[in-house]
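Coordinate inspection notes
The chain contents come next:
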Amino acid sequence: QVQLVESGPGLVKPSQTLSLTCTVSGGSLTASPYYWAWIRQPPGQDLEWMGGIRYDGDTDYSPPLRRRTSISRDTSKNQFTLRLSSLTPEDTAVYYCARAEGLRTLANDYDLWGQGTQVTVSS
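Below you will find a few notes about this structure.

**Description of the sheet that holds strand β3 (residues 18-25)**
Within the open sheet, the 4 strands sit side by side as β1-β3-β8-β7. Their pairing is antiparallel. Of all the strands in the sheet, just β1 (3-7) and β7 (69-74) have a single pairing partner and so form its edges. This sheet shows a mean twist of 20° between the axes of neighbouring strands, independent of strand direction. Bridging between β7 and strand β8 (residues 79-84) involves 6 bridges; their strand directions are antiparallel. When the sheet's bridge partners are listed, I71 is paired in β8 with L82.

**Regarding unusual backbone geometry**
Backbone torsion omega between S32 and P33 reads 5°, so that peptide bond is classified as cis. Take P33: it is sitting in the loop between β3 and β4 (34-41). Its identity is not glycine, yet S15 carries a phi of approximately 80°, on the positive side. In this structure, S15 sits in the loop between β2 (11-12) and β3. Unlike most non-glycine residues, N78 shows phi in positive territory, near 55°. Within the secondary structure, N78 is located in the loop between β7 and β8. Exposure remark for N78: the relative accessible area of 14% places this residue in the buried category.

**So, the state of the cysteines**
Applying the stated criterion across every chain yields a total of 1 disulfide. Paired by a disulfide, C22 and C97 hold their sulfur atoms 2.1 Å apart. With the S-S bond torsion at 70°, the cross-link from C22 to C97 turns out right-handed. Taken as a pair, C22 in strand β3 and C97 in strand β9 (residues 93-101) lie far apart in primary sequence, 75 residues in all. The class of C97 is buried, set by a relative accessible area of 0%.

**Description of the packing of aromatic side chains**
Counted according to the given criterion, the structure contains 5 aromatic pairs. A centroid spacing of 5.5 Å and a plane angle of 85° characterise the contact between Y96 and W113, whose relative ring orientation is edge-to-face. Residue Y96 is located in strand β9, and its partner W113 is located in strand β10 (residues 112-113); the two are separated by 17 residues in the primary sequence. The exposure class assigned to Y96 is buried, which follows from its relative accessible area of 18%. Each member of the aromatic cluster is reached from another via a ring pair, and the members are Y34, W36, W38 and F80. One residue, R54, lies across the ring of Y55, its end atom 5.4 Å from the ring centre. It is R99 that lies over the ring of Y34; its NZ or CZ is 4.2 Å from the centre.

About the thresholds
Residues numbered from 1 in each chain as written. Predicted model: local features only at pLDDT ≥ 70, side-chain atom pairs only at ≥ 80, totals over all residues. Heavy atoms only, no water. Pairing = 2+ DSSP bridges. Helix = DSSP H or I, 4+ residues; strand = E, 2+ residues; numbered from the N terminus. Axes fitted to C-alpha atoms, helices over the stretch in contact; angles between N-to-C directions. Buried < 20%, exposed > 50% of the residue type's maximum accessible area, 1.4 Å probe, protein only. Disulfide = S-S within 2.5 Å. Phe/Tyr/Trp six-rings, centres within 6.5 Å; stacked < 30°, edge-to-face > 60°. Lys NZ or Arg CZ within 6 Å of the ring centre and 35° of its normal.

Written as structure tokens, this is what we have:
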């Protein structure tokens, strides 16, 4: 059984950079045709696809977040990482890592999810 677990800080300051790591067990980041994404849900709002990384390392980003978002991976550790810069209180959300078969930008298309981690941006 493939499992995904998010880790990182729960509280960050405005203007700082958020770094979250997703650790994958029971599967490989390099296995075709899988696609590994970050998805978030602000309070009272819909799930928002942020971006992801393909099994071969190619990345994609949501246009509104593209300038602030970077996704990378460490295949030796079977981990991929989200970095989101220039944080504001509007970035407060539950952040999830998730897996789909191929590139998908709708949360409903993801078949496997981590438990989510709450991130609050506040001074």
